[in-house]
Amino acid sequence: MSARKLDGKAIRDSVLADVASGVEAAVRHGVRPGLAAVLVGDDPASRIYVRNKVRACDRIGAYSETIRLPSETATDRLLALVQELNDRDDIDGILVQLPLPGHIDSRRVLAAVSPDKDVDGFHPVNVGRLASGQEGLKPCTPRGLIEILKRSRIPIAGSRAVVVGRSNIVGKPAALLLLAEHATVTICHSRTPDLPSVCRQADILVAAVGRPAMLTREYIREGAVVLDVGINRLVDAAEVDRLLAHAPARLRRFRRTGSALVGDVHPGHVREIASAYTPVPGGVGPLTVAMLMSNTLLAACRRLPENGRSSA
Ligand code: GUN
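Residues numbered from 1 in each chain as written. Predicted model: local features only at pLDDT ≥ 70, side-chain atom pairs only at ≥ 80, totals over all residues. Heavy atoms only, no water.

Visitor: Where do I start with the packing of helix α1 (residues 8-28) against helix α12 (residues 285-300) in this structure?
Guide: To characterise two packed helices, one gives the angle between the axes of the helices and the distance between these axes. Where α1 meets α12, the closest approach of the two axes is 9 Å, and the angle between their N-to-C directions is 15 degrees. Judged on the interaxial angle alone, α12 and α1 are roughly parallel. Considering how the two elements wind past one another, α1 and α12 form a crossing that is left-handed. Contacts from Gly8, Lys9, Ile11, Arg12, Val15, Leu16, Val19, Gly22, Val23 and Ala26 of α1 reach α12 at Pro286, Leu287, Ala290, Met291, Met293, Ser294 and Leu297. When its residues are assigned to classes, the contact of α1 with α12 shows twelve nonpolar, three polar and two charged. (Axes fitted to C-alpha atoms, helices over the stretch in contact; angles between N-to-C directions. Helix = DSSP H or I, 4+ residues; strand = E, 2+ residues; numbered from the N terminus. Parallel < 35°, antiparallel > 145°, perpendicular 65-115°, else oblique. Left-handed = near helix turned anticlockwise from the far one by under 90°. Contact = heavy atoms within 4.5 Å. Nonpolar A, V, L, I, M, F, W, Y, C, P; charged D, E, K, R; others polar.)

Visitor: Please clarify how the state of the cysteines should be interpreted in this entry.
Guide: Simply put, disulfide is the name for a covalent bond between the sulfur atoms of two cysteines. Tallied over the entire structure, the rule returns zero disulfides. Here Cys140 is not cross-linked by a disulfide; its sulfur's nearest cysteine counterpart is in Cys57, at 11 Å. The exposure class of Cys140 is buried, given its relative accessible area of 6%. The thiol of Cys301 is unpaired, and the distance to the nearest cysteine sulfur, on Cys57, comes to 15 Å. (Disulfide = S-S within 2.5 Å. Buried < 20%, exposed > 50% of the residue type's maximum accessible area, 1.4 Å probe, protein only.)

Visitor: In this structure, what is going on with the packing of helix α6 (residues 140-151) against α12? I would like to understand it.
Guide: Two numbers describe how α6 lies on α12: the axes approach to 8 Å, and their chain directions differ by 105 degrees. Considered as vectors, α6 and α12 are oriented roughly perpendicular to each other. Facing α6, whose interface residues are Cys140, Thr141, Arg143, Gly144, Glu147 and Ile148, α12 presents Leu287, Thr288, Met291, Leu292, Ser294, Asn295 and Leu298. Tallied by class, residues from the contact of α6 with α12 come to six nonpolar, five polar and two charged.

Visitor: Would you mind showing me how to read the sheet that holds strand β2 (residues 34-40) here?
Guide: Strands pair in a sheet through their backbones, by hydrogen bonds, and they do so in one of two ways: parallel or antiparallel. Here we have three strands laid out as an open sheet, ordered β3-β2-β4, and parallel in their pairing. In this open sheet, the two strands that pair with only one neighbour each are β3 (63-69) and β4 (93-96). Here the average twist between neighbouring strands, direction ignored, is 15 degrees. Pairing of β2 with β4, which is carried by four bridges, proceeds in the parallel orientation. Along β4, the bridge assignment pairs Ala37 with Leu95. (Pairing = 2+ DSSP bridges.)

Right, dumping it as structure tokens:
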């Protein structure tokens, strides 16, 4: 039996439709959610990410603005900008696109964002709220994982979840969110002994390590649900031939374009063993921007009249 492919684009569209209705309701109450994206330098990938975030704002009817600063911007200048954005009533969410240039103190900048406007969920106050079960803004990619499971009607409570990867942006918060949903959670990393056998315990397996196709068949339990957060660009023809042997259309595209995206899970093996899985591309990735929109709406709800914070 072939595994069910969890279509991230379709799930993103349903999340965005819900968020757009929420935005419409907020606007009726005089509040248009607003996002400020701060882009320092000219990293091409960061430019594309920020453009996608701004487009998503347009799509849901939110206000957005992008503030572009040169790569030589000083930390103090960036801190002053963040403070201005904290003070503005029309901006509900502040997103400082990472990575920042090396000379900038990223930790100080992220800590300067008001926790109530921290739509990335990176501020230490929000990390603490998440860890202690309090309400707060939560990181987008981990929220996306939960949303995929819920909208696909895959039960989390009582399941055994294994998260491979312990980053602050994905692995750790994903584990905390799964725990909050009553999964029994194990976090693994590069020094976990016998990683394959730990992964084989998982009903829900989350791969967030950043190593192409690392999780091969011996990591996956028959019937597991596999969520692949990795996005790795491959250019080596022999490697692509080996990993995408089951997908002739993708091999043809590789011949045309010279590169192919694969996740952290072996794409040929997962479809043979899992009961459901997220593909790469088109799985977890699309949800990240959708959850950023959801966070922006949540942040804007503070301004609604029923919360006593009306700007009207
Ligand atoms: N760079 C890569 N991923 C992210 C993200 O989720 N948020 C921000 N701000 N920058 C990123």
